[in-house]
Amino acid sequence: MLGDLSVSLWRGGEDGRYETYNVPQRASQTVLDVVTFVQRHIDPTLSYRFACRVGVCGSCAMTVNGRPRWTCRTHVAKVAGSGRLEIGPLENLPVIKDLTTDMQPFFEKWQQAQGVFAPTKTRHDEIEQIRPDSPARRLVDAAIECINCGVCYAACDTVRWNADYLGPAALTRAWTLDNDERDAGGTARLQAVSAAGGCHACHSHQSCQELCPQALNPTAAIAGLKRRTTAAYLKGEIKA
Amino acid sequence: MIARAIKHRGSALWIAALVHRLSGLALAIFLPLHFLALGLAIDGEAKLESFLRWTDQPLVKFAEGGLVFLLAVHLLGGLRVLVIENLDWHDGQKQLATLAAAVSAIIAFIFLARVF
Amino acid sequence: MNVRLYVWQRATAALIAPLVLVHIAVIFYATRSGMTAADILSRTHNSIVWASYYGLFVAAASIHASIGVRNVLTEWVSLHDRRAGLFAIVFGLLLAALGVRAVYAVVLS
């Protein structure tokens, strides 16, 4: 029998506070299990967000002991060596209540970065053949597995300091699309990520890379966008 | 907003970016003073010479060592940023950042050892 | 920072990097046995090479530093883009003016 965990959870909105609960420790327990235990057995008014519980949907990210993490795949044993957990909502996003943040700014920036596929063909055309070993497709593969969890966005101090900054996830998405041979977003997308708050605001802190649960490297993707937009700017294809 | 320790801020690369910014800021503040000092030569060599003798004080020399460190660390840190942004991705960024700081400290130390 | 400012800041950075290396070498050379005004001025006086080197250095550093200061102001002081831009332009011009004056002082006067 393992002992109890001392768990501090953020309660309330922006001006809330931490409240501490005792939760029985179990083998192979995840942080999401802990939060769920509090909601089911201690306080049913606790608000938090999750869906798949297996690291696919990207909805359960929270701040765990000072770091943004996907809670469903974060084992308590790995992050709470001292038997203490402090769980709060993600940073850099408005708090709705308790552990739930408003993800709207995050997704609006995906739109601003034109992180949307711009098709070049219709259903009547033949399916385009993409070689998996082509250089462009390899760049896409390296960055495509984003689950929109917002961990990188919460970890990024450039987001914190610059309200306009599109953030690592949106820019990484723009990068994968720019490398997609079937996509027609091209110049317009490069223009969109070159305005104030675009890829050039990145300081390469690399917190995104360090904390991405999918082990993606947004800093490298953003560096790619910096090179490509610089070339486009110098050729006069985009304007500042 | 929520008062809480942001732990990833302690990471070597976050500190490297902070050092880069602070060294750049300090150099930007120092530059006008540097230019004003050299501008003393407009009124003749003697004016510049008397200023240079003022800088012989140990405390000023020590500060000059600090400036050499700031210049070197901003240069090497900046080269690291240019490499990240313009070349293919290389791992080992933390080691590179630490190396940049260490080399800068050595340069500043040699400078101090020579002027004292 | 938009792409235009980025290009200017990184281009001046790449230009300044070798200049700084030379500058550090000159610092070490000049302080080898105490620095005197006569020493400095005998090196720089009427020298086209040093005038162009320092002239280029001043121009590039003024642009580079003013864009850097602009970024600090927008991120850490939360100044709006326009106001930070205005401050940066004034700062850059001041740096350039003082720098040109310093080059003039050690080369021509």
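Refer to the structure above for everything that follows.
All residue numbers here refer to positions counted from 1 along the written sequence of the relevant chain. Chain labels run from A onward and ligand labels from 1 onward, assigned in the order the entries are written. The model is predicted, so local features are restricted to residues of pLDDT at least 70 and side-chain atom pairs to those at 80 or more, both for listing and for counting; the totals for chains, interfaces and linings are taken over all residues.

To continue, consider the overall build of chain B. By the criteria applied, helices consist of DSSP H or I runs no shorter than four residues and strands consist of E runs no shorter than two, each listed in order from the N terminus. A count of helices and strands for chain B gives 4 helices and 0 strands. For chain B, the N- to C-terminal ordering of α and β elements is α-α-α-α. Along the longest, intermediate and shortest principal axes, the C-alpha atoms of chain B span 55 × 35 × 30 Å. Across the 116 residues in chain B, those meeting the buried criterion constitute 32%. Burial is judged by counting the other C-beta atoms within 10 Å of a residue's own C-beta: 20 or more makes it buried, 12 or fewer makes it exposed, and any count in between marks it as partly exposed, with every C-beta position built from the backbone.

Moving on to the overall build of chain C. Along chain C, the regular secondary structure elements total 4 helices and 0 strands. In chain C, the succession of helices and strands from N to C terminus is α-α-α-α. Each principal axis of the C-alpha distribution contributes one length, and for chain C these read about 45 × 25 × 25 Å. Counting every position in chain C, which comprises 109 residues, the buried fraction comes to 32%. The contact rule is simple: place each C-beta atom from the backbone, and if two of them lie within 7 Å, those residues are in contact. Taking all contacts inside chain C whose residues are at least 6 apart in sequence as the whole, residues at least 24 apart take part in 72%.

Counting residues in hydrophobic clusters, the biggest one holds 67 residues, and the most contacted among them are V34, L85, I87, V151, C152, L171 and V193 of chain A. All the domain ranges listed were derived from an automatic or database domain assignment. Looking at this core, you find at least three residues from each of domain 1 (4–101) and domain 2 (104–234) of chain A. Among all residues touching L171 of chain A, those that are not within four sequence positions of it are A113, L166, V193, C199, P218, A221, I222 and L225 of chain A. Listed in part, the 24 residues of the second largest apolar core include I67, A88, L95 and V103 of chain C. The nonpolar core is taken to be a set of buried Ala, Val, Leu, Ile, Met, Phe, Trp, Tyr and Cys residues joined by way of C-beta atoms within 7 Å.

Tallying the contact residues gives 27 residues for chain B and 28 residues for chain C. Among the secondary structure elements, those contributing two or more residues to the side of chain B that touches chain C are α1 (12–39), α2 (45–54), α3 (58–86) and α4 (93–115) of chain B. For the side of chain B that touches chain C, the leading source of residues is α1 of chain B, giving 10 residues.

Here we take up the pairing of strand β3 (residues 61–64) of chain A. All names here are of chain A. By the alternation rule, side chains of β3 split into A61 and T63 and M62 and V64, which are all buried. Here a strand pair is declared whenever DSSP counts at least two bridges between the two strands. Bridge analysis of β3 against strand β4 (residues 67–70) gives 4 bridges, and the strand direction is antiparallel. Bridged to A61 within β4 is W70. In terms of strand pairing, β3 meets strand β5 (residues 84–88) through 2 bridges, oriented antiparallel. Looking across to β5, one finds that V64 is bridged to I87.

Residues and elements named next belong to chain C. In this structure, W8 sits in helix α1 (residues 3–30). In the structure, W8 is positioned 40 residues away from I48 in sequence and 26 Å away in space, judged by C-alpha atoms. Dropping the residues within four chain positions of it, W8 is found in contact with I63 and I67.

Glancing now at the interface of chain B and chain A. Residue-level contacts link 17 residues of chain B with 18 residues of chain A. At the level of secondary structure, the elements contributing two or more residues to the side of chain B that touches chain A comprise α1 and α3 of chain B. With 4 residues, the single largest contributor to the side of chain B that touches chain A is α3 of chain B. Taken together, the residues of the side of chain B that touches chain A sort by class into 10 nonpolar, 4 polar and 3 charged. Each residue is assigned to one class: nonpolar for Ala, Val, Leu, Ile, Met, Phe, Trp, Tyr, Cys and Pro, charged for Asp, Glu, Lys and Arg, and polar for all the others, Gly among them.

A few words on the pairing of strand β2 (residues 17–24) of chain A. Residues and elements named next belong to chain A. Relative to β2, strand β1 (residues 4–11) runs antiparallel, the two sharing 8 bridges. Residue pairing in the sheet places L5 in a bridge with V23 of β2. Between β1 and β2, which follow one another and run antiparallel, lie 5 residues, and G12 among them has a positive phi close to 100 degrees.

All names here are of chain A. Along the chain, L225 falls in helix α10 (residues 218–234). Given 23 C-beta atoms within 10 Å, L225 falls into the buried group. Considered as a pair, L225 and V193 are 32 residues apart in the sequence and their alpha carbons are 8.0 Å apart.

In this section: the sheet that holds β5 of chain A. Residue and element names in this part refer to chain A. The 5 strands are arranged β2-β1-β5-β3-β4 in an open sheet whose pairing can be described as mixed. In the strand order of this sheet, the two ends are held by β2 and β4, each with one partner. Sheet twist, expressed as the mean angle between neighbouring strand axes with direction ignored, is 35 degrees. Across the sheet, helix α1 (residues 31–42) lies against β1, β2, β3, β4 and β5, angled at about 95 degrees from β2, the strand it touches most. Only the stretch in contact is used when a helix axis is fitted, and all axes are lines through C-alpha atoms; the angle between N-to-C directions ranges over 0 to 180 degrees.

What follows is about the packing of α1 of chain B against helix α4 (residues 81–107) of chain C. Helix packing geometry: the angle between the two helix axes and the distance between the axes. Between α1 of chain B and α4 of chain C, whose axes approach to 8 Å, the crossing angle comes to 30 degrees. Of the possible angle classes, the one that applies to α1 of chain B and α4 of chain C is roughly parallel. The interaxial crossing formed by α1 of chain B with α4 of chain C has left-handed handedness. Of α4 of chain C, the residues touching α1 of chain B (which contributes L31, P32, F35, L36, L38 and G39 of chain B) are L94, L95, L98, G99, R101, A102, A105 and V106 of chain C. The class makeup of the residues in the contact of α1 of chain B with α4 of chain C is 11 nonpolar, 2 polar and 1 charged. Oblique is the label for any angle not under 35 degrees, not over 145, and not in the 65 to 115 range, which are roughly parallel, roughly antiparallel and roughly perpendicular in turn. Should the near helix be turned counterclockwise from the far one by less than a right angle, the crossing is left-handed, whereas a clockwise turn marks it as right-handed.

Limitation: the analysis is restricted to geometry and does not speak to function.
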